[in-house]
Amino acid sequence: MLRLTLQGMRARWVTFTGSFVALALGVGLIAATGLALAATFQAPHRGPERFAAAPVVVRATDTLRVSTPIGERTQRLADPRAVPAEVAAELARLGRTVEDRTFPVSYASVGGEDGEGAAAAGHPWSVAAATPYRLTDGRAPRAPGEVVVAVAARERDRSGGGVAVGDRVRVVTPAGADSRTVVGTVAATDFETAVFFTDAEAAQLSPRIDALVLHADATAVRKAVQNAVRGTGSGIDVLTGDERRRADPDPDRDSEALVAVNALLGTAAGITCFVSVFVVASTFAFAVAQRRREFGLLRTAGATARQIRRTVFAEAVLVAVPASAAGCLLGAVGAPPLAAWMVDSGVAPSWFAIGDQTWPLHTAFWTGLCVAMAGVLTSSWRAGRIKPTEALREAALDNGTMPPSRWLLGALLLLAGLGLLVWSLATDPGEALKRKTYITRPMLLIVGFALYAPVLVPPLVRLVTWLPARLPGATGLLARENAATGVRRTAAVAAPVLITVALAASLLGTTATINEAKATEAASQTTADYVVAAPGEKGVLPDPFVTRARSIPGAAVSASRSTAVTVLEEGVALVRSEARAVDPAALAAVSRLPVASGRVADLDDGGIVVNEEWLTRTVGQRVRVWLGDGREVTLRIVAVLRTGTGGNGVYVTPRNAPGAPVDRVDVAVRDGADASAVDAALREAGAATRTTVLTKDEWLARSHPRSSESTRLGLLLILGIALLYTGIALANTLVMATSDRVGDLAVLRLTGATKPQVLRLVAAEALVVVAVGSLLGAAVAGLNLLGLRGALALLSVRSPLVVPWGGLGAMVAASAVLAVVAAVVPALTALRTRPVEHAGTRE
C-alpha cells in the first residue's frame, strides 16, 4: 500500500502540492500569532524610574483595598489624596525633605502655530535631584517665569525643531497661560515629558503635596507616618527599593499595554486559527473528493474499504508532517516582523519583542496535523463505503447529496449561532457590542453555511447565472451547468470567498455601525452649542478659562470633572465605574440624558446617578461606594440611566470628587441671548488661555465616530492576516480544481471550441463561484448586522446600519480577479498540449 500511496502522490502532485501549501501557510499563521501572543504573557521587569535616586518616597496611597470573603480585592483610585501638610511637617524633623508636586502643563514656542502645545508634567526643580533628570545645558530656574524643559537628544539643536536655552515658550498651567524663558534643558525620558519650575512657583500653581522625598531612615519614617495618620483614615505609603516604582507616572503602563496587545493578538490568533482550520479542512476534503473515481476503480480491482481509508490517511500524514514542519519554520521567521510592525505602528510598546517560547510551535504543528486528519476523515470514510458495482457511477457524477451527519452538524451550528444571538438579545443586548462577541459569533454561522453548501450551491448558481444563461452563446449555460453539477468543487472554491466576505462585512460593518451609534447617542445627549475638553486622558482646563466662561452673559455653562466610583457587587467583585462630577442644574441646561427612572435634578451631595448595568439600580435605594479618593460613603440612587452603547456613566456632585480638576466645559446659548456675542467672548477666553474651543459639530467630528488608532490597526491586523490567507487559499484551490479538469477542457476543444472560448468559460465559472461565495458570506454578515441592529434598538439607540459597501466591493473584486487568474493560468497551460492527448483523462 505504501508503494501505491507514493505512486498516487506522484501522479497527483498538483493536488498534493495544493494541500501542502494550504496547510503550511495555515500552520505558519497559527505559529506566528501564537509566538506573538506568548510574548505578551510577561512584562519586562523595571526598577524605579522617576525616583531612582530617592532614598525614601512618601505619598498618599493610590490603591483601594477591600477585604472580601474570598480575599482582598484592589482597584486603582482615580483621584488619590495629597500628603497632608501636618504629615509633611512631622516628617521634616527626621531629615532633609523635598516636596514633590505634579500638575499638567503644555508648552509651545512663542510665535508658533496656535494649538494646545506639547503635553507635559510640571514639577518643582528641587525634586530633580531625586530623579534621572540632569542639566544638559543652561542652569536651574531661579525666578518666576523661568523653566527647565526636557528635550530629546535629536531636538537639542534648532535644526531638529526643539527648544533651546534662551527660547521663549508659552506655557499653559492650571492657573492659565503665560510666556516663560527656557533657562535650562534636561534629557528626555520615556515615562514623562517634564517641565521644571522654581519651588515657590510650583507650590503656587499646585498647592497640594503629591509626594515627599526623604533622606532619612526608612524604619523611622514608617513609625512617624503611623503615628501621624493614626485615627485620621488617611492611607500613606512609605516606599523604598523597588517599591519606589509605584510612585512613577503610570507604573502599570507596561502590563496595561500588554493587556491591550494580548487582547488584540488573542483575537487575531483565534481568527487565524479558525480561518486556517476552516480552509485546511476544506482543502483536504476537496483533495480526497477529487479522487472518488480513483477510489471506485480501486474498489472494483478488489481493494477493501479499510485499505482505501488507510491509503488516504497515509497520504495525509505524508503531506501534513512536512507541511506542518514547514509552517512552523514560516511562523518562526514571520513572528519577528509581525512584532516589529506592531511596534512601528504603535499597537505594541517599543520594547515588545518575540521571546524564546517554543510551545506555540508545538501547538501549531499538532494543530495542523490534527486538522489535516480531520479534513480527510469524512471523505475517506465515504470513499471507503463505495461498493465495487457502484464505483464508476458514483464517481462519475457529483450529485451533491449530504449524509445525515452533515445535515445534523450543520443544523446544530446554525441553531447555535442564531440561538446565541437571540439569547443575547433577550438577556443582555449590550453583549452584542463587545468585540469578543461580534468577532467570534460569525464563525458558527460561517461553518454552518459551509456545511450546507452542497444544498445551497445549486439554487445559488442558478440565481447568479439566470441572466448569463439566457444570453446568446453557450458560455453562460455551460458555466451554470458545470458549477451546479460540480457541487463539491464549487463549494470548495467558494469557501475562501465565503469566509472573506463574511468576516470583512461582519467586522467592518459592526465597528462602523457601533461608531455611528455612539456618535448618534452623543449628539442626542448633548444639547450644548460648544464643548471644550482638556487634551489627553489626564488633561486639565485652566481655571481662568472656566472663570471667564462662567461670566459670559447669555451663556449656560456646565463645568464637569472626570472621576470614578467603585462598588462591591455580590460581596466579592470590586467594580469600578467611570463617573463625572457635575452641578445638576447646570447639567440640565446642556444635556439630555437617557433617564430610565428617577430624576437627575434630584442629584445632591448624598445622591448618585447610576446606569442599568449596576447590580443595585432601584431609585431610592442606598448603595455603598468608594469615591475617587478612596473615601467610603453610602449614597442614595436618584436616577437610573439606560445602558445605551456603554458610554452612559455615573454622575455625582463635585463634593464627592474633591481631587478631580475640571476637564470639560459645555456651553449653551440661552434663549434670547446674542449667539455671536457669546461665540466671540468664548473664543476670546480660549485664545487668552490657549484653550481650544469647539462647536458641538466640531467636537462630534473630532471625537466620533472614529475608532482609536490602536483599534483600527488591530482590526487591520486581524483582517489582513485572515484575508491574505484566504486569498492564497482561493488561488490554491482553483489551481487544484482547474488542473483536475484537463480532460474536460480537451473534450471541449475536440468538439470545436476555440482556446479563447474555453478560457472564457473557465473565467466565467470562476466568477460564478466567487458570486456564490459572496452571497453566502453576505448572508452570514446580514444575520450578524441585523442582530446588532436589534441590540441597538433594545438599548434605545436609534442609529442606522452602516454597510461598508466600498470595502466589500473591493474585496469581492479582488477575489474575482484572483479567481479568474488562478483558473485561467493552469487552463492556458493545459491547452498548450494537443487536445487528443488529454481526451478522456479524468484522474
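These lines cover the structure that appears in this document, whether it is placed above or below. (Residues numbered from 1 in each chain as written. Predicted model: local features only at pLDDT ≥ 70, side-chain atom pairs only at ≥ 80, totals over all residues. Heavy atoms only, no water.)

A few words on the overall build of the protein chain. Across its full length, the protein chain carries 24 helices and 23 strands. Relative to its full complement of 843 residues, the protein chain shows a buried share of 50%. Carbon and sulfur atoms make up 58% of the accessible area of the protein chain, which amounts to about 37200 Å² in all. (Helix = DSSP H or I, 4+ residues; strand = E, 2+ residues; numbered from the N terminus. Buried < 20%, exposed > 50% of the residue type's maximum accessible area, 1.4 Å probe, protein only. Areas by Shrake-Rupley, 256 points an atom, 1.4 Å probe, with all protein chains shown as cover.)

Another point: the side chain of Arg441. Here Arg441 is to be found in helix H12 (residues 435–451). The side chain of Arg441 sits in the buried core without any salt bridge; Glu431 is the nearest counter-charge, 6.4 Å away. (Lys, Arg positive; Asp, Glu negative; His and termini not counted. Salt bridge = Lys/Arg side-chain N within 4 Å of Asp/Glu carboxyl O.)

Ranked by internal contacts, the top residues of the largest apolar core, which has 101 residues, are Val275, Phe278, Met342, Phe352 and Ile446. Per-element accounting of this core gives the leading share, 14 residues, to helix H6 (residues 253–289). Contacts of Phe278, omitting those with residues within four sequence positions, involve Ile446, Val447, Ala450, Ala495, Leu498 and Ile499. (Core = buried A, V, L, I, M, F, W, Y, C linked by side-chain atoms within 4.5 Å. Contact = heavy atoms within 4.5 Å.)

What follows is about the pattern of salt bridges. Summed over all chains, the structure comprises 27 salt bridges. We note a salt bridge from Arg246 to Asp237, for which the minimum N-O separation is 3.1 Å. Taking relative accessible area as the criterion, Arg246 reaches 29% and is therefore assigned partly exposed. Residue classification places Asp237 among the buried residues on the basis of a relative accessible area of 14%. Asp666 is paired through a salt bridge with Arg664; the nearest N and O atoms lie 2.8 Å apart. Judged on exposure class, the residue Asp666 and its partner Arg664 are both buried.

Attention shifts here to the packing of aromatic side chains. Two aromatic rings are characterised by how far apart their centres lie and by the angle between their planes. The full count for this structure, using the stated rule, is seven aromatic pairs. Measuring from centroid to centroid gives 5.2 Å for Tyr133 and Phe196, while their planes differ by 75°, and the two rings are edge-to-face. Taken together, the residues span a long stretch of sequence, with Tyr133 in the loop between strand E6 (118–124) and strand E7 (135–138) and Phe196 in strand E11 (residues 194–197) at a distance of 63 residues. (Phe/Tyr/Trp six-rings, centres within 6.5 Å; stacked < 30°, edge-to-face > 60°.)

On to the packing of helix H16 (residues 543–550) against helix H18 (residues 675–688). Relative placement of two packed helices is described by the angle separating their axes and the distance separating the axes. Two numbers describe how H16 lies on H18: the axes approach to 9 Å, and their chain directions differ by 165°. Taken together, the axis directions place H16 and H18 in an arrangement best described as roughly antiparallel. You can see that H16 and H18 cross each other, and the crossing is right-handed. Here Phe545, Arg548 and Ala549 of H16 lie close against H18, whose contacting residues are Leu682, Glu684, Ala685, Gly686 and Ala688. Its residues placed into classes, the contact of H16 with H18 shows five nonpolar, one polar and two charged. (Axes fitted to C-alpha atoms, helices over the stretch in contact; angles between N-to-C directions. Parallel < 35°, antiparallel > 145°, perpendicular 65-115°, else oblique. Left-handed = near helix turned anticlockwise from the far one by under 90°. Nonpolar A, V, L, I, M, F, W, Y, C, P; charged D, E, K, R; others polar.)

Here the focus is unusual backbone geometry. Unlike most non-glycine residues, Asp250 shows phi in positive territory, near 50°. Along the chain, Asp250 falls in the loop between strand E13 (236–239) and H6. For Asp250, a relative accessible area of 32% puts it in the partly exposed group. Here Ser796, not a glycine, exhibits a phi torsion of approximately 65°, which is positive. Here Ser796 shows up in the loop between helix H22 (755–794) and helix H23 (805–831).

This part is about the sheet that holds strand E4 (residues 96–100). Taken together, the four strands give an open sheet; going across it, the order is E4-E12-E1-E13, and neighbouring strands pair in antiparallel fashion. On the outer flanks of this sheet lie E4 and E13, each paired with one strand and no other. Across the sheet, the mean angle separating the axes of adjacent strands is 20° when strand polarity is ignored. As paired elements, E4 and strand E12 (residues 211–215) share five bridges and run antiparallel to each other. (Pairing = 2+ DSSP bridges.)

What follows deals with H16. By the burial criterion, the buried members of H16 are Phe545, Val546 and Ala549. Seen from one end, H16 has its buried residues packed into an arc of 100°, which puts them on one side. (Arc of directions from axis to C-beta.)

Among the surface-exposed residues, Trp466, Leu467 and Leu471 lie close enough to one another that they form a single nonpolar patch of about 340 Å² accessible area. Among the secondary structure elements, Leu471 is positioned in the loop between helix H13 (453–464) and helix H14 (475–485). Assessed through its relative accessible area of 46%, Leu471 is described here as partly exposed. (Patch = residues over 30% accessible without salt bridge, like charges linked within 9 Å, V, L, I, M, F, W, Y side chains within 5 Å.)

Bringing the side chain of Arg101 into the picture now. By secondary structure assignment, the location of Arg101 is in the loop between E4 and strand E5 (103–109). Engagement of the side chain of Arg101 in a polar contact is seen with the backbone oxygen of Ser206, the distance being 2.9 Å. The contacts of Arg101, once residues within four sequence positions are left out, are Gly122, His123, Pro124, Ala202, Ala203, Ser206, Pro207, Arg208, Ile209 and Asp210. (Polar contact = N/O pair within 3.5 Å; in protein donor to acceptor, adjacent residues only side chain to side chain.)

Quick look at the pairing of strand E20 (residues 632–641) now. In regular strands, side chains alternate between the two faces of the sheet. Counting buried positions along E20 yields seven of 10 residues, so the element is predominantly enclosed. The pairing of strand E17 (residues 595–598) with E20 spans three bridges and is antiparallel. Looking at the pairing, Val595 lines up with Leu641 of E20. Relative to E20, strand E18 (residues 607–611) runs parallel, the two sharing five bridges. Following the sheet pairing, Asn611 is matched in E20 by Leu641. Here strand E19 (residues 622–626) runs beside E20; their pairing, made up of five bridges, is antiparallel. Across the sheet, residue Val625 finds its bridge partner in E20, namely Val633. Linking E19 to E20, which pair antiparallel, is a turn of five residues; within it Gly630 sits at a positive phi near 95°.

Along the chain, Leu724 falls in helix H20 (residues 709–739). As for Leu724 and Thr500, which are separated by 224 residues in sequence, their C-alpha atoms are 9.3 Å apart.

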